[in-house]
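Now for the letters of each chain:
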Amino acid sequence: MSYSTADSFRPVTLDDVRGAQKMLSGVARVTAMEGSRHLSQMVGAPVHLKCENLQRTGSFKLRGAYVRIAGLLPEERAAGVVAASAGNHAQGVALASALLGVRSTVFMPKGAPLPKVSATRDYGAEVRLHGQVVDETLAAAQEYAAETGAVFIHPFDHPDIIAGQGTVGLEILEQCPEARTILVGIGGGGLAAGIAVAAKALRPDVRVVGVQAAGAAAYPPSLAAGRPVAIENPVTMADGIKVGRPGDVPFGIIGDLVDEVRTVSEDELSAALLLCLERAKLVVEPAGASPVAALLSEPGAFEGPVVAVLSGGNVDPVLMERVLRHGMAAQGRYLAVRLRLTDRPGALATLLGALSVVDANVLDVSHVRTDPRLGLTEAEVELHLETKGPAHCAEVGQALREAGYTVIG
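Residues numbered from 1 in each chain as written. Predicted model: local features only at pLDDT ≥ 70, side-chain atom pairs only at ≥ 80, totals over all residues. Heavy atoms only, no water.

Novice: Is there a simple way to think about the packing of helix H12 (residues 266-279) against helix H13 (residues 290-297) in this case?
Specialist: The relative placement of two packed helices comes down to the angle between their axes together with the axis-to-axis distance. Running from N to C, H12 and H13 point in directions that differ by 110 degrees, and their axes come no closer than 8 Å. Accordingly, the angle class assigned to the pair H12 and H13 is roughly perpendicular. Here H12 contributes Glu268, Leu269, Ala271, Ala272, Leu275 and Cys276 to the contact with H13, which in turn contributes Ser290, Val292, Ala293, Leu296 and Ser297. Residue composition of the contact of H12 with H13, grouped by class: eight nonpolar, two polar and one charged. (Axes fitted to C-alpha atoms, helices over the stretch in contact; angles between N-to-C directions. Helix = DSSP H or I, 4+ residues; strand = E, 2+ residues; numbered from the N terminus. Parallel < 35°, antiparallel > 145°, perpendicular 65-115°, else oblique. Contact = heavy atoms within 4.5 Å. Nonpolar A, V, L, I, M, F, W, Y, C, P; charged D, E, K, R; others polar.)

Novice: What am I meant to see in the pairing of strand S8 (residues 207-213) here?
Specialist: Moving residue by residue along a regular strand, the side chains alternate between the two faces of the sheet. Extensive coverage of S8 is indicated by the burial of six of its seven residues. Bridging between strand S7 (residues 181-185) and S8 involves five bridges; their strand directions are parallel. Of the residues in S8, the one forming a bridge with Thr181 is Arg207. The β-α-β motif built from S7, the intervening helix H9 (residues 190-202) and the parallel element S8 has right-handed crossover chirality. Looking at chain direction, S8 and strand S9 (residues 260-264) are connected through five bridges and run parallel. Each bridged residue has a counterpart across the sheet, and for Val211 the counterpart in S9 is Arg262. (Buried < 20%, exposed > 50% of the residue type's maximum accessible area, 1.4 Å probe, protein only. Pairing = 2+ DSSP bridges. Right-handed = clockwise from strand over helix to strand, strands pointing away.)

In short, shape yes, function no, at least from these values alone.
Quick look at the structure:
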């Protein structure tokens, strides 16, 4: 199964996806399908998690990359391949190339997380850091392809890529044949398009719902316009679905076969990542948690059984810490307060004692005694607290005010 540039818009069929599944046998894992009692209770129907975060390289991207590179002609393989990515596609291309004995060069933004850069190198690719954003990196990779003859491996805009990602849809219906709704995150659209091709061919009654981050939602305006539309400056923590323009090939499939595209907020993404970690014991990146975020946003909107595709788990530890704190804050489980107190011996201990009475767990304390804004006998304290929810946050605030403290932020 190979497509030239001339027929890159050839429709992707169920036979293509089944062919990709045979090609990937022994290469990509058949990832687990885990039930979630917590989400099932929330939705009022069974909810299952398709764990592509446990795939080789940590995401579904290996599937499409392997199928695309395996389909190259011998002379194309000899020229090598090139890709541009901030993380998941980079690792998928690097491993697929190594398994197939093809030389690979991967361009990554200069600010790409070090663990992703290191992993891409470890899989065997030559990594070149270029540009501050993915668009600049993409342009550099395409220029390199033009200069060297290397084959550019697009992350989503090619039928082979979509057929490979569609194998996730085959596995879903094999593992959960009674599924009524499939939720999947959308960036450029390769995964959602592939799943829709497989699912709708085998089960036309299955509802396929795409999920985008609200700050990087290019599909709703594109579907409304009937053509791919670029959005300015997409902003989201979910870098795996931070794509400013839909791919031409997946856009046509999604327009025909995906039933709905929803958006979720950054707070909902944070809460979803936290839920996956605490309740399912799964490390999931923000993009991979987007289907769970959709369930949290409106749990009654989906007919069950529901399958939520956790598309990846490659999350930078620094981002993970920030997102977890953000998720805790969104759920009222993390509270930051600033207040002023009289600067005298024991004042800080007295403040902490007042917090212990209401069972607030102090995570961090910043104590400022010298600042032009402060009076001669004043000190300012910033506290980061772990709380038990919105009601407990209100109780902490009330306890501080009753103890005579003025909360200033």
